[in-house]
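Remarks on the overall topology
In case you want the letters, here they are:
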Amino acid sequence: MVLTTILARTSDGLPLAASTQDEQTGREMVDYQNQAKMLFKKLTPNSPPKCSIATGNYIYHYLIEGEVCYLCLCEQSFSKRTAFTYLEDLAREFDKLYGRQVSAARRPYSFIEFDLYMSKARKQYSEGVGRRHMSQLRDDLNDVQRIMMENIDDVLQRGAALQGEG
């Protein structure tokens, strides 16, 4: 499960937007958010563009795209692939909406309205993107199998027609 998500400008660590799961409050979460802010300040242009960092019972996953670092704090059991897919989704949407405005931002959380999108995406990815994804894959495979069966039938019928003409 994704517990918190923070977006920051990579050049100076300025927080641009943040979203935290409703139940996640208290001293421990504040400590993790402070760790994230320190991490943003330590990033350089030479930092890996994708990275996971274990911390206590949780793990940070971050993705750097352009001028923005997208970071989420997840439970250790949360799929790394799903976490990065979630961050890539945020990166696409944030860049589409605010990409050209990032360098002009002067105050922290200038794009806090992006919280609404982050909250929806966090719920989607935490609650069942796996089940929906598997269901979609199953449907796609069934479609492909049906199409292949139709194609094989067509080929066999054409073969029989050719033999009949020859």
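It should be noted that the structure appears before, not after, this text.
**Things to note about the overall build of the protein**
In terms of helices and strands, the protein carries 4 helices and 5 strands. Each helix and strand of the protein, ordered N terminal to C terminal, gives the series β-β-α-β-β-β-α-α-α. Out of the 166 residues in the protein, the part that is buried amounts to 37%. Taking the contacts inside the protein whose residues are at least 6 apart along the sequence as the reference set, 59% of them involve residues at least 24 apart. Carbon and sulfur atoms make up 52% of the accessible area of the protein, which amounts to about 10400 Å² in all.

**Quick notes on the side chain of arginine 9**
As for its position among the elements, arginine 9 is in strand β1 (residues 2-9). Classification of arginine 9 by relative accessible area gives buried; the value is 5%. Polar contacts involving the side chain of arginine 9 include one to the main-chain carbonyl oxygen of serine 103, which spans 3.4 Å. In this structure, arginine 9 is in contact with Leu14, Leu16, Glu67, Val102, Ser103, Ala104, Ala105 and Arg106, ignoring residues within four places of it in sequence.

**Some words on the pairing of strand β4 (residues 58-65)**
In terms of burial, β4 is largely enclosed, as 7 of its 8 residues are buried. Counted along the chain from strand β3 (residues 50-55) to the antiparallel partner β4, the turn is 2 residues long, and its residue glycine 56 has a positive phi close to 60°. Two strands pair when backbone bridges link them, and β4 and strand β5 (residues 68-75) are joined in this way by 8 bridges, in the antiparallel orientation. Residue pairing for β5: tyrosine 62 is matched across the bridge by leucine 71.

**Points about the packing of aromatic side chains**
Describing an aromatic ring pair means giving the distance of the ring centres and the angle of the ring planes. The final tally for this structure, using the stated rule, is 9 aromatic pairs. Taking 5.2 Å as the distance between ring centres and 45° as the angle between the ring planes, the aromatic pair formed by phenylalanine 94 and tyrosine 98 counts as tilted. Placement of both phenylalanine 94 and tyrosine 98 in helix α2 (residues 80-98) is noted, with a separation of 4 residues, approximately one turn of the helix. The residues phenylalanine 94 and tyrosine 98 share a single accessibility class, namely buried. On the basis of relative accessible area, tyrosine 98 is assigned to the buried category, the value being 11%. Here lysine 50 stacks its cationic end above the ring of phenylalanine 84, 5.2 Å away from the centre of that ring.

**Topic: the environment of aspartate 12**
Inspection of the secondary structure puts aspartate 12 in the loop between β1 and β2 (15-20). For aspartate 12, a relative accessible area of 39% puts it in the partly exposed group. Taking C-alpha positions, aspartate 12 is 6.3 Å from lysine 41, a pair spaced 29 residues apart along the chain. Of the polar contacts made by the side chain of aspartate 12, one reaches the side chain of arginine 9; its length is 2.8 Å. A polar side-chain atom of aspartate 12 sits 3.1 Å from the main-chain amide nitrogen of leucine 14.

What counts and what doesn't
Residues numbered from 1 in each chain as written. Predicted model: local features only at pLDDT ≥ 70, side-chain atom pairs only at ≥ 80, totals over all residues. Heavy atoms only, no water. Helix = DSSP H or I, 4+ residues; strand = E, 2+ residues; numbered from the N terminus. Buried < 20%, exposed > 50% of the residue type's maximum accessible area, 1.4 Å probe, protein only. Contact = heavy atoms within 4.5 Å. Areas by Shrake-Rupley, 256 points an atom, 1.4 Å probe, with all protein chains shown as cover. Polar contact = N/O pair within 3.5 Å; in protein donor to acceptor, adjacent residues only side chain to side chain. Pairing = 2+ DSSP bridges. Phe/Tyr/Trp six-rings, centres within 6.5 Å; stacked < 30°, edge-to-face > 60°. Lys NZ or Arg CZ within 6 Å of the ring centre and 35° of its normal.

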